[in-house]
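One-letter residues, chain by chain:
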Amino acid sequence: MTFCEEVREECNSLWQASFDHPFVKGIEDGTLPVDVFRFYVMQDAYYLSHFAKVQAIGASKAKDLETTQRFALHSAHTCSAELALHESFMELLEVTDEEWAVFEPSPTAYAYVSHMYRSSEGDLADVLASILPCYWLYYEIGERLKNAEPDHPIYNRWIETYGSEEFGALVNEQISRMNLLAEGLPEARRRELKSHFRKSSYYEWNFWDQAWRKESWSINFAEGVGV
């Protein structure tokens with residue numbers, strides 16, 4: 001098997017948990033509460049702003065100009081296409097400037113971004129291993145849901161975006177690049193890359209869940225005393 005086939009199989013239970021999460025199921029059938037999606041969109045806009053920067057870090061670590069160009073284009077795509085999508089959602093969901101002024105990333109969003117930056121301290125393979133699950137998992141979800149009929153303008157557009165041929169081409173490009181970067185590496189090094197990939201897969205599930213729970217930095221103790 002290729003490196004990506006191996007790590008995808010090893011992380012299958014995490015990915016299946018994402019497919020089965022009530023957040024994803026709610027997009028599929030249109031029952032996801034809009035306020036939950038609103039929370040998700042704000043957190044995801046924060047995440048994507050840093051995802052684009054990590055892609056740019058990948059461009060700086062590439063050893064040839066073609067790869068530098070491709071990572072730079074991927075970063076530009078994130079900034080233009082995906083953030084534009086989120087901006088349209090913000091308008092439809094009536095997110096105000098005042099809300100953005102006091103916005104704070106959830107613990108999960110903050111941790112996921114921190115993980116990507118920490119992984120980016122390595123080489124290009126480290127960068128790509130940490131960001132590939134975001135590409136790939138969203139595309140698999142888009143493929144699974146492309147025949148869904150949530151009958152909701154926002155959820156319809158979300159599915160169309162991540163199940164599109166254009167997005168699929170970007171995903172497959174990065175899968176092929178990850179396989180090339182991992183080819184011939186010692187087993188210990190491949191385990192390091194798999195660890196980045198698995199952590200990101202873990203955070204992907206938690207990203208749905210933090211939105212589902214509207215996660216905050218408060219602690220609610222069993223005794224009913226909160227902070």
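Located above this text is the structure these notes cover.
A few points on the structure. (Residues numbered from 1 in each chain as written. Predicted model: local features only at pLDDT ≥ 70, side-chain atom pairs only at ≥ 80, totals over all residues. Heavy atoms only, no water.)

Below, the discussion takes up the overall build of the chain. Regarding its fold elements, the chain presents eleven helices and zero strands. The globule rule puts the C-alpha radius of gyration for 227 residues at 17 Å, and the 18 Å found for the chain is close to it. For the chain, the C-alpha atoms occupy an extent of roughly 50 × 40 × 35 Å along the three principal directions. Pairs at least 24 apart in sequence give 83% of the contacts found in the chain among residues at least 6 apart. Counting every atom, the chain has about 11200 Å² of accessible surface; 53% of that belongs to carbon and sulfur. Treating the 20 positive side-chain charges of the chain as one cloud and the 37 negative ones as another, the clouds have centres 7 Å apart. (Helix = DSSP H or I, 4+ residues; strand = E, 2+ residues; numbered from the N terminus. Rg over C-alpha atoms; globule rule 2.2 N^0.38 Å. Contact = heavy atoms within 4.5 Å. Areas by Shrake-Rupley, 256 points an atom, 1.4 Å probe, with all protein chains shown as cover. Lys, Arg positive; Asp, Glu negative; His and termini not counted. Charge placed at Lys NZ, Arg CZ, Asp CG, Glu CD.)

The topology assignment puts Arg 189 in helix H11 (residues 187-213). Once you skip the residues sitting within four places of it in the chain, Arg 189 turns out to touch Asp 123, Ala 125 and Asp 126.

Let us now look at the pattern of salt bridges. Scanning the entire structure with this criterion turns up 17 salt bridges. Note that Arg 38 is salt-bridged to Glu 99, the shortest N-O span being 2.8 Å. Of this pair, Arg 38 sits in helix H4 (residues 34-61) while Glu 99 sits in helix H6 (residues 97-101), and the two are 61 residues apart along the sequence. In this structure, Glu 173 engages Arg 177 in a salt bridge whose closest nitrogen and oxygen atoms are separated by 3.0 Å. Placement of the pair is Glu 173 and Arg 177 together in helix H10 (residues 165-182), with a separation of four residues, close to one helical turn. (Salt bridge = Lys/Arg side-chain N within 4 Å of Asp/Glu carboxyl O.)

Packing of H4 against helix H5 (residues 65-92) brings their axes to within 8 Å, and their N-to-C directions diverge by 165°. When the axes of H4 and H5 are compared, the pair comes out roughly antiparallel. Here the hand of the crossing between H4 and H5 comes out left-handed. (Axes fitted to C-alpha atoms, helices over the stretch in contact; angles between N-to-C directions. Parallel < 35°, antiparallel > 145°, perpendicular 65-115°, else oblique. Left-handed = near helix turned anticlockwise from the far one by under 90°.)

Moving on, we come to unusual backbone geometry. We note that Asp 151 has phi near 55°; this positive angle belongs to a residue other than glycine. Inspection of the secondary structure puts Asp 151 in the loop between helix H8 (124-145) and helix H9 (153-162). For Asp 151, a relative accessible area of 72% puts it in the exposed group. Although it is not a glycine, Lys 214 adopts a positive phi angle of roughly 50°. Assignment of secondary structure puts Lys 214 in the segment after H11. The class for Lys 214 is partly exposed, based on a relative accessible area of 37%. (Buried < 20%, exposed > 50% of the residue type's maximum accessible area, 1.4 Å probe, protein only.)

Moving on, we get to the nonpolar core. Judged by nonpolar contacts, the single largest core of 67 residues is most densely connected at Phe 37, Tyr 40 and Trp 158. Apart from residues lying up to four places away in sequence, Phe 37 is in contact with Phe 23, Ile 27, Leu 32, Phe 89, Leu 93, Ile 154, Tyr 155 and Trp 158. (Core = buried A, V, L, I, M, F, W, Y, C linked by side-chain atoms within 4.5 Å.)

Let us look at the environment of Pro 150. Inspection of the secondary structure assignment puts Pro 150 in the loop between H8 and H9. Once you skip the residues sitting within four places of it in the chain, Pro 150 turns out to touch Ile 27, Glu 28, Asp 29, Gly 30, Tyr 155, Asn 156 and Ile 159.

What follows is about the packing of aromatic side chains. Under the criterion given, the structure shown has 27 aromatic pairs. A cation over a ring is seen here: Arg 144 above Phe 19, with NZ or CZ 3.6 Å from the ring centre. (Phe/Tyr/Trp six-rings, centres within 6.5 Å; stacked < 30°, edge-to-face > 60°. Lys NZ or Arg CZ within 6 Å of the ring centre and 35° of its normal.)

Take Tyr 40: it is sitting in helix H4. The buried category is assigned to Tyr 40, whose relative accessible area is 1%. Setting aside residues up to four positions removed in sequence, Tyr 40 forms contacts with Phe 23, Tyr 138, Trp 158, Phe 207, Trp 208 and Ala 211.

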